[in-house]
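Here is how the chains run, residue by residue.
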Amino acid sequence: MKPRENVDCIITAAGLSSRMGQWKMMLPYKEGTILDSSIENARQFCSRIILVVGYRGDELYDRYNTASDVTVVVNNNYVSGLFSSIQAAGPIVKTDYCFITHGDIPCLNRDIFHQVWLKRGPYALLPCHQGTPGHPVLLPQNIIKRACQDDVSVSSMREFLLAGEYRYLNMPQPQTIMDIDTPEAYQRLLKI
């Protein structure tokens, strides 16, 4: 296995999965679940995973909290949206940079993380594929800290990032935009 970079990765897994119609984090995929794959892919490159849980958080806490490279953070405010999960995890980021991705993006690979990592700078780095924003997003720690301040007046992480200094990074890999939000997307995933 290639050495990992000293970089944290926040993986959000707190939501209700409302568009899926059922809880997607534990849907079967490969030898485990969608979330298992998302964590395993991030851990191929990143030194620590900060897993944010909310809905059915006890189940995820029990499943992942024993891994030495996973820190589970409970977002009790998960119904207010994704930004609240980033704000729950941000204060414990220890590294100079931090990746952010979601538990329902199970096809990111080490090469994708590496390509984004090579382009890091003093700005939010937002991968996109054919004009569609994707993941993993890479942020310097000062941007994470700013997102966690009480006086932030935006409603979404995307709005927050686009209001500051950012760069888009065009990526050839469609995996960067393959989030599994609907039953149709899940069926497509199973055929890969």
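Once a new chain begins, its residue numbering starts again from 1 and follows that chain's sequence as written. pLDDT decides what is reported in this predicted model: residues at 70 or higher carry local features, side-chain atom pairs at 80 or more are listed and counted, and totals for whole chains, interfaces and linings draw on all residues regardless. Heavy atoms from the whole structure form the basis of all side-chain values; hydrogens and water molecules are not counted.

J.: I'd like a description of the UniProt feature "domain: MobA-like NTP transferase" (unreviewed entry) in the protein chain, backed by residues and values.
T.: This chain's UniProt record puts "domain: MobA-like NTP transferase" (unreviewed entry) on residues 9-146. We count a stretch as a helix when DSSP gives it H or I for four or more residues in a row; a strand needs E for two or more, and each element gets its number in order from the N terminus. Across residues 9-146, the secondary structure splits into 30% helix and 29% strand, with the terminal C-alpha atoms separated by 17 Å. UniProt positions are given in the numbering used here, feature names are shortened, and annotations may be inferred rather than shown by experiment.

J.: Describe a nonpolar patch on the surface, and please don't skip the residues or the numbers.
T.: A surface patch of nonpolar side chains, about 250 Å² in accessible area, is lined by Leu162, Tyr166 and Tyr168. Its place among the elements puts leucine 162 in helix α6 (residues 157-162). For patches, a residue must show more than 30% relative accessible area and have no salt bridge; joins then use 9 Å for like charges and 5 Å for nonpolar side chains, namely Val, Leu, Ile, Met, Phe, Trp and Tyr. Each accessible area value is a Shrake-Rupley result obtained with a 1.4 Å probe; residue values ignore everything except the protein chains displayed when judging cover. Any carboxyl oxygen of Asp or Glu within 4 Å of a side-chain nitrogen of Lys or Arg constitutes a salt bridge here.

J.: Got a sec to walk through the pattern of salt bridges? Specific residues and values, please.
T.: The full count for this structure, using the stated rule, is 10 salt bridges. Aspartate 8 is paired through a salt bridge with arginine 48; the nearest N and O atoms lie 2.9 Å apart. Within this pair, whereas aspartate 8 is found in strand β1 (residues 5-13), its partner arginine 48 is found in strand β4 (residues 46-53), the two being separated by 40 residues in sequence. On the basis of relative accessibility, which here comes to 2%, the residue aspartate 8 falls in the buried class. The exposure class assigned to arginine 48 is buried, which follows from its relative accessible area of 13%. Bridged by salt links that share partners, the residues Arg4, Glu40, Arg43 and Asp69 form one connected network. Exposure classes here rest on a 1.4 Å probe applied to the protein chains alone. A residue is buried below 20% of its type maximum, exposed above 50%, and partly exposed in between.

J.: Describe the packing of aromatic side chains, listing the residues and the values that go with them.
T.: In this scheme Phe, Tyr and Trp rings, the latter by its six-membered ring, pair at centre separations within 6.5 Å, and the angle between planes marks the pair as stacked below 30 degrees, edge-to-face above 60, and tilted otherwise. Enumeration over the complete set of coordinates arrives at 9 aromatic pairs. Taking 6.1 Å as the distance between ring centres and 85° as the angle between the ring planes, the aromatic pair formed by phenylalanine 45 and phenylalanine 99 counts as edge-to-face. With phenylalanine 45 in the loop between α1 (34-43) and β4 and phenylalanine 99 in strand β6 (residues 97-102), this residue pair connects regions lying 54 residues apart in the sequence. This pair shows no difference in class: phenylalanine 45 is buried, exactly as phenylalanine 99 is. Between tyrosine 97 and tryptophan 117, the aromatic rings sit 5.8 Å apart at their centres with planes inclined by 80°, giving edge-to-face as the arrangement. A residue pair is termed long-range when its members are at least 10 positions apart, and tyrosine 97 in strand β6 and tryptophan 117 in helix α4 (residues 110-118) qualify at 20 residues. In this structure, tyrosine 97 and tryptophan 117 share a single accessibility class: buried. Three or more aromatic residues link up through ring pairs in this structure, and these residues are Phe45, Tyr97, Phe99, Phe113 and Trp117.

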